[in-house]
Amino acid sequence: MASILELELTEISDSEDKKKMASGLHGFIGSRMNYFLRAHVDEQGLGYVFDASATYDFNDGLPKREPDVSFVSTGKLSAPLDEDITVAPDIAVEVVSKNDKVFAVHAKVRQYQQAGVSLVWVLYPDVGTVDVYRLETGLRSDVLLPDDELDGGQVLPGFKLLIHKIFDVG
């Protein structure tokens, strides 16, 4: 018998194939987040930052995932691979589009957490906020407002970024 998560993700996977492409704003925000993470990770020599073209296969029978931005530490991955990545990223970032459904976002967060992702950052461009999900707290998130600071904590030491900088488009 399929679990609720498997049913939700199967439904989401089917609907993802039919959904409209992400907006320019979605791509812009993902690109900015990638830039900020990459600058810190490269400066500190901490690992790899990937864009949405990187595919993660958690070997859990659920859909493969392509977070908008992700970070994998060198301790988990010694070099980028020319195939699906089978380790869980340390951080997964999802940029919410106007077409995304709340239940679909939560299902992705659950799948990331079941795979062992320590931090999931869900970015909401329309309101300029970020939901931070930590593996140890499950689906209970901290909501960060534009003047708050995103902190990489122990997962990404030294990374700090004011939320409004992610969403500055002009």
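Predicted model only: the values in this text are computed from it and were never measured.

Peer 1: Would you mind going over the sheet that holds strand E3 (residues 91-95) with me for this structure?
Peer 2: Backbone-to-backbone hydrogen bonds join strands into a sheet, with any given pair of strands oriented parallel or antiparallel. Strand order across the open sheet formed by six strands is E1-E2-E3-E4-E5-E6, with mixed pairing between neighbours. Single-partner strands in this sheet number two, and they are strand E1 (47-51) and strand E6 (141-144). Between one strand and the next, the sheet's axes are offset by a mean angle of 15 degrees, whatever the strand orientation. In the packing of helix H2 (residues 24-44) onto the sheet, contacts are made with E1, strand E2 (69-73), E3 and strand E4 (119-124), and the angle to E1 comes to roughly 170 degrees. Set on the sheet, helix H3 (residues 102-115) makes contact with E3, E4 and strand E5 (129-134); between it and E4 the angle comes to about 160 degrees.

Peer 1: Got a minute to help me understand a nonpolar patch on the surface in this structure?
Peer 2: On the surface, Leu25, Phe28 and Val169 cluster together into a nonpolar patch covering about 250 Å² of accessible area. Note that Leu25 resides in helix H2. The class of Leu25 is partly exposed, set by a relative accessible area of 36%.

Peer 1: Can you help me understand the nonpolar core in this one?
Peer 2: Nonpolar side chains in soluble globular proteins tend to end up buried together. If you look at the biggest cluster of nonpolar residues, it comprises 24 residues, and the most contacted ones within it are Met33, Trp121, Leu123, Val130, Leu150 and Ile166. Of all elements in the fold, only H2, E2, E3, E4, E5 and helix H4 (163-167) reach the threshold of two or more residues within this core. At five residues, the largest contribution of residues to this core is made by H2. The residues touching Met33, leaving out its near neighbours within four places in the chain, are Val69, Val93, Trp121, Leu123, Leu150, Phe159, Leu161 and Ile166. By size, the runner-up hydrophobic cluster in this structure holds 17 residues, among which are Leu77, Ala88, Ala92 and Tyr133.

Peer 1: I would appreciate a short explanation of the packing of aromatic side chains in the present structure.
Peer 2: For any pair of aromatic rings, the description consists of the separation of the ring centres together with the inter-plane angle of the planes. Tallied over the entire structure, the rule returns five aromatic pairs. When the centroid spacing of 5.4 Å and the interplanar angle of 65 degrees are considered together, the rings of Tyr35 and Phe36 count as edge-to-face. On the basis of relative accessibility, which here comes to 56%, the residue Tyr35 falls in the exposed class. Seen in terms of ring centroids, Tyr48 and Phe50 are 6.4 Å apart; in terms of plane orientation they differ by 35 degrees. Their pairing is tilted. An aromatic cluster of three or more residues is present, and its members are Tyr56, Phe58 and Tyr112.

Rules of the game
For every chain, the first residue of its written sequence is number 1, and the numbers climb from 1 along that sequence. Only residues with pLDDT of 70 or above have their local features reported here, since the model is predicted, and side-chain atom pairs are shown and tallied only from 80 upward, although totals for entire chains, interfaces and linings are computed over all residues. No hydrogens and no water enter the side-chain calculation; it runs on all heavy atoms of the structure. In short, DSSP must find at least two bridges between two strands for them to pair. Secondary structure follows DSSP: runs of H or I at least 4 residues long count as helices, runs of E at least 2 residues long count as strands, and numbering of each begins at the N terminus. Between N-to-C directions, angles cover 0 to 180 degrees, with each direction set by a line fitted to C-alpha atoms, over the stretch in contact for helices. Contacts between residues were defined by any pair of non-hydrogen atoms, one from each residue, lying within 4.5 Å. Patch criteria: residues need more than 30% relative accessible area and no salt bridge. Like-charged residues are merged within 9 Å; nonpolar side chains of Val, Leu, Ile, Met, Phe, Trp and Tyr are merged within 5 Å. Surface exposure here means Shrake-Rupley accessible area, sampled with a 1.4 Å probe, where a residue is shielded only by the protein chains that are shown. Salt bridges are counted wherever a side-chain nitrogen of Lys or Arg sits within 4 Å of a carboxyl oxygen of Asp or Glu. The cut-offs for exposure are 20% and 50% of the maximum accessible area for each residue type, with area from a 1.4 Å probe on protein chains only; residues under the lower value are buried, those over the upper are exposed, and the others partly exposed. Nine residue types can take part in a nonpolar core, namely buried Ala, Val, Leu, Ile, Met, Phe, Trp, Tyr and Cys, and a core is a set of them joined through side-chain atoms within 4.5 Å. Ring pairs shown here join Phe, Tyr and Trp side chains whose ring centres sit within 6.5 Å, with only the six-membered ring taken for Trp; geometry is labelled stacked below 30 degrees between planes, edge-to-face above 60, and tilted in between.

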